[in-house]
Amino acid sequence: MQTKVKRKNKGFKRLPTGPHGGIQLLLIQSVPDLGKQGEVVEVKRGYALNYLIPQGLATIATEHHQRMVEKHKVKLQQIELARQAELRNYAAEIAKQSVTIEANATEDGHLYGSVGAPEIVAALKKNDINLHADQIRLEGVLKELGLYTVKVRLSAEVEGEIKVWVVPTVATDE
């Protein structure tokens, strides 16, 4: 007859689970579409263990961590307000810029291809403005020549705009 051996947990603590069965985490930094710094959120196990914790965006929501955040909440709010003010200044700086993108087009002004976020990011880099393609908010790709106002999302609270000129490629005669 076999006896069932009860195994002991070898040094691993169980992760705190929330009411919906996910893992409760304390956000170290604000995460778009999830929560702000200092909030306790409930996420799926894989998202927590494979992304949020390794990237340093969150930590396990223990009572100790929550007490630490409560103590430092005012300081965290000041840091966040300063960061938001910096981003607003950056958005104002970006709004003063305009970008010109050359594209092959028909005589009617329709582009043979399209202009999307990667092309806009590449053009902005030439003006020493570093953004990611996911920060550019297009309502579809640009398929015609002209001037467009494109939204730029710097954070959940701060958005800006930039003027994008799509002009025909100038042929060079040699």
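Structure's up top.
Residues numbered from 1 in each chain as written. Predicted model: local features only at pLDDT ≥ 70, side-chain atom pairs only at ≥ 80, totals over all residues. Heavy atoms only, no water.

**Thoughts on the environment of Val158**
Consideration 1: For Val158, the position within the fold is in the loop between strand S8 (146-153) and strand S9 (159-168).
Consideration 2: A sequence separation of 74 residues divides Val158 from Gln84, and the C-alpha atoms of the two residues are 7.2 Å apart.
Consideration 3: Beyond its immediate chain neighbours, meaning those up to four positions away, Val158 contacts Gln84, Leu87, Arg88, Ala91, Val152 and Arg153. (Helix = DSSP H or I, 4+ residues; strand = E, 2+ residues; numbered from the N terminus. Contact = heavy atoms within 4.5 Å.)

**A short note on the packing of aromatic side chains**
Two descriptors summarise a pair of aromatic rings, namely the distance from one centre to the other and the angle between the planes of the rings.
Consideration 1: This model, assessed by the stated rule, comprises one aromatic pair.
Consideration 2: Look at Tyr47 and Tyr51: their rings are 5.7 Å apart centre to centre, the planes differ by 10 degrees, and that puts the pair in the stacked class. Highlighted residues: Tyr47 and Tyr51, both in helix H1 (residues 45-52), separated by four residues, approximately one helical turn.
Consideration 3: According to the relative accessible area criterion, Tyr47 is partly exposed, its value standing at 35%. (Phe/Tyr/Trp six-rings, centres within 6.5 Å; stacked < 30°, edge-to-face > 60°. Buried < 20%, exposed > 50% of the residue type's maximum accessible area, 1.4 Å probe, protein only.)

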